Amino acid sequence: DNPAVVPGVQIQDAGLVEFSDGVDIDRAKGGCFVGGGHTYCVAPILYSGALHTGLGNTPTFGSYDYFAVGVDCCSCPNQDFRCGEWKNPLANGGIRSLDFRSRPFFRLAVDDWSATFMKEAKDPLFFDWVQNPEYRWATWWRRFLCVSVAVACMPLPIAFLLSIIAGHVLRTLIEASAASPLDAPKAPKGFEKAWAFFFPEIIRQYDEDRKALMAIPVGPPPPYVFYGTTAPVTPATA
């Protein structure tokens with residue numbers, strides 16, 4: 001992309017832009033806006049890397065639409081733009097700025113730049129100045145995927161570890177006669193071996209509970225139990 005030939009309105013939906021050879025930012029002739037305790041910085045992205053007075057190096061469509069941006073990386077007035085990869089001589093691309101909160105302030109910084117250098121910016125686009133924007137974006141995407149997978153998978157091992165710790169604590173309390181299991185649960189289907197390995201006391205208690213339950217004699221109900229009826233209550237008389 002050549003900022004001297006392609007107007008910004010033609011690439012409003014572009015996210016990554018690789019500029020042509022010879023394109024650079026003019027760090028000494030930028031714009032700024034100070035507000036909310038922050039300095040919002042912009043610097044023009046030009047074909048020759050230098051902003052000339054008058055009509056020199058003016059884009060063919062008459063508007064300067066490409067700006068590198070950043071927050072708190074310049075002084076105001078902006079004559080020392082230090083945002084993005086400004087030190088990298090190989091940087092010749094941009095990633096559209098995703099800082100939506102700062103976008104109105106970047107626009108005010110462009111207005112300051114236009115008033116200072118008497119230049120027009122009809123459809124300004126804001127970029128983070130980087131080398132090889134496609135590679136940088138792919139790196140960010142891979143990091144996002146790795147973090148997402150880690151966050152999604154983390155609860156399961158944590159819950160399993162906590163259950164193991166709780167089982168060991170319960171077994172210690174039982175062995176010290178400080179606690180007694182009540183209604184020990186049955187091992188989940190398919191996890192009998194793991195359950196027996198990590199929670200042997202619970203398995204033993206479950207078996208004992210089952211044996212005790214099976215040993216209870218089953219007989220006829222007591223005579224005072226009435227099924228399906230309610231015995232009338234006779235009030236006491238003095």
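Within every chain, residues take consecutive numbers counted from 1 along the sequence as written. Confidence filtering applies because this is a predicted model: local features only for residues at pLDDT of at least 70, side-chain atom pairs given and counted only at 80 or more, and all residues used for totals across whole chains, interfaces and linings. Excluded from the side-chain calculation are hydrogens and water; included are all heavy atoms of the structure.

Undergrad: How should I be thinking about the nonpolar core in this particular structure?
TA: Among the nonpolar cores identified, the biggest contains 20 residues, and Phe19, Ile45, Tyr66, Phe81 and Trp129 are the most heavily contacted of them. Contacts are assigned to residue pairs that have any heavy atoms within 4.5 Å of one another. Dropping the residues within four chain positions of it, Phe19 is found in contact with Asp1, Pro3, Ile45, Tyr66, Asn92, Gly93, Gly94 and Trp129. What we call a nonpolar core is a set of buried Ala, Val, Leu, Ile, Met, Phe, Trp, Tyr and Cys residues that are connected through their side-chain atoms within 4.5 Å. Note on exposure labels: buried denotes an accessible area under 20% of the residue type's maximum, exposed denotes more than 50%, and partly exposed covers the range between, all computed with a 1.4 Å probe on protein chains only. Among the nonpolar cores identified, the runner-up in size contains 13 residues, and Tyr40, Val69, Trp113 and Phe126 belong to it.

Undergrad: I keep staring at the packing of aromatic side chains and nothing clicks. Help me out?
TA: Here a ring pair, both rings aromatic, is described through the centre-centre distance and the interplanar angle of the planes. Each pair of aromatic rings taken from Phe, Tyr and Trp, with Trp reduced to its six-membered ring, is defined by centres within 6.5 Å and is described as stacked if the planes are under 30 degrees apart, edge-to-face if over 60, and tilted in the remaining cases. In the structure shown here, the tally under the stated rule is eleven aromatic pairs. Here Phe19 and Phe127 contribute two aromatic rings whose centre-to-centre distance is 5.9 Å and whose plane-to-plane angle is 80°, an arrangement assigned as edge-to-face. With a gap of 108 residues between them, Phe19 in the loop between β1 (16-18) and β2 (24-25) and Phe127 in strand β7 (residues 125-130) connect regions that are remote in the sequence. Exposure remark for Phe19: the relative accessible area of 3% places this residue in the buried category. Judged by relative accessible area, Phe127 falls into the buried class, the value being 0%. Each ring, one from Phe33 and one from Phe105, has its centre 5.9 Å from the other, and the planes form 20°; the classification is stacked. Here the residue Phe33 occupies a position in strand β3 (residues 31-35), and Phe105 occupies one in helix α1 (residues 103-117), the gap between them amounting to 72 residues. Using a relative accessible area of 27% as the deciding quantity, one classes Phe33 as partly exposed. Members of the aromatic cluster, each reached through a chain of ring pairs, are Phe33, Tyr40, Phe105, Phe106 and Phe126. Only when the NZ of Lys or the CZ of Arg is both within 6 Å of the ring centre and within 35 degrees of the ring normal is a charge said to sit over the ring. Its end group placed over the ring of Phe127, Arg96 keeps NZ or CZ at 6.0 Å from the ring centre. Labels follow the DSSP assignment, with helices taken as runs of H or I lasting at least four residues and strands as runs of E lasting at least two, numbered in each case from the N terminus.

Undergrad: Please explain the state of the cysteines as it appears in this structure.
TA: Note that a disulfide, as used here, is simply two cysteine sulfur atoms within 2.5 Å. In total, this model carries three disulfides according to the counting rule given. For Cys41, the disulfide goes to Cys74, at an S-S distance of 2.0 Å. Classification of the bridge connecting Cys41 and Cys74 rests on its S-S torsion, roughly -95°, and on that basis the disulfide is left-handed. Separated by 33 residues along the polypeptide, Cys41 in strand β4 (residues 38-46) and Cys74 in the loop between β5 (66-71) and β6 (93-96) bring together distant segments of the chain.

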